[in-house]
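Per-entry structural report
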Amino acid sequence: MVADRRVRPTALLPLWHVAGFALGAVTAALGERAAMACTVAVEETIDAHYAAQEVELEDPALAEQAPELAGTIAAFRAEELEHRDIGLAHGAEQAPGYRLLSALIRTGCRVAIKLSERV
Ligand SMILES: [Fe+2]
């Protein structure tokens, strides 16, 4: 019998809603380019996360349990890359302190993903 591998959303979801809103509000207050820099940083982190999941799904045993999942992830990933490209096209990299801002946000997102994988 195949193990039930349905994924439940993280219990931290309410926290991420608040944190995401706060991040969006703070970067928007810093200016449009900072908001775009935030979008790019978040989307790049999500892209890396999806890419790692695609690698995991190369395991035939996992792929067999959820045959449609790889396609879903690929579609989500393409959407997020489109959002990243919109951010780049709207001056994300010209935001003041882009490198620092981007590094902070990417680190925060990676921590959030790691915590969400556990809780
Ligand atoms: Fe997105």
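Preceding block: the structure.
Procedures and definitions
Each residue is numbered by its place in its chain's sequence as written, counting from 1. The model is predicted, so local features are restricted to residues of pLDDT at least 70 and side-chain atom pairs to those at 80 or more, both for listing and for counting; the totals for chains, interfaces and linings are taken over all residues. For the purposes of this entry, the term helix denotes a DSSP run of H or I that reaches at least four residues, the term strand denotes a run of E that reaches at least two, and both are numbered from the N terminus. Burial is judged by counting other C-beta atoms within 10 Å of a residue's own C-beta: 20 or more means buried, 12 or fewer means exposed, and anything between counts as partly exposed, with every C-beta placed from the backbone. Two residues form a contact once the distance between their C-beta atoms, set from the backbone, is within 7 Å. Axis lines are fitted to C-alpha atoms, over the contacting stretch for helices. Their N-to-C directions set the angle, which ranges from 0 to 180 degrees. By definition in this entry, angles of less than 35 degrees are roughly parallel, angles greater than 145 are roughly antiparallel, angles of 65 to 115 are roughly perpendicular, and the rest are oblique. Left-handed describes a crossing in which the near helix is turned anticlockwise from the far one by less than a right angle; the clockwise case is right-handed. Amino acids outside the nonpolar list (Ala, Val, Leu, Ile, Met, Phe, Trp, Tyr, Cys, Pro) and the charged list (Asp, Glu, Lys, Arg) are all regarded as polar, and Gly is one of them.

Focus on the overall build of the chain
- Across its full length, the chain carries five helices and zero strands.
- When its helices and strands are written in sequence order, the chain yields α-α-α-α-α.
- Projected onto its principal axes, the C-alpha positions of the chain cover 55 × 30 × 15 Å.
- Looking at the chain as a whole, 18% of its 119 residues are labelled buried.
- In the chain, 77% of the contacts between residues at least 6 apart in sequence involve partners at least 24 apart.

Observations concerning the packing of helix H2 (residues 32-56) against helix H4 (residues 69-89)
- Where H2 meets H4, the closest approach of the two axes is 8 Å, and the angle between their N-to-C directions is 160 degrees. As the angle between them shows, H2 and H4 are arranged roughly antiparallel. With respect to the hand of their crossing, H2 and H4 are arranged in left-handed fashion. Two secondary-structure elements touch here, H2 through Met36, Thr39, Val40, Glu43, Glu44, Ile46, Asp47, Tyr50, Gln53 and Glu54 and H4 through Ala70, Ile73, Ala74, Phe76, Arg77, Glu80, Leu81, His83, Arg84, Gly87 and Leu88.
- Class assignment for the residues of the contact of H2 with H4 results in 10 nonpolar, four polar and seven charged.

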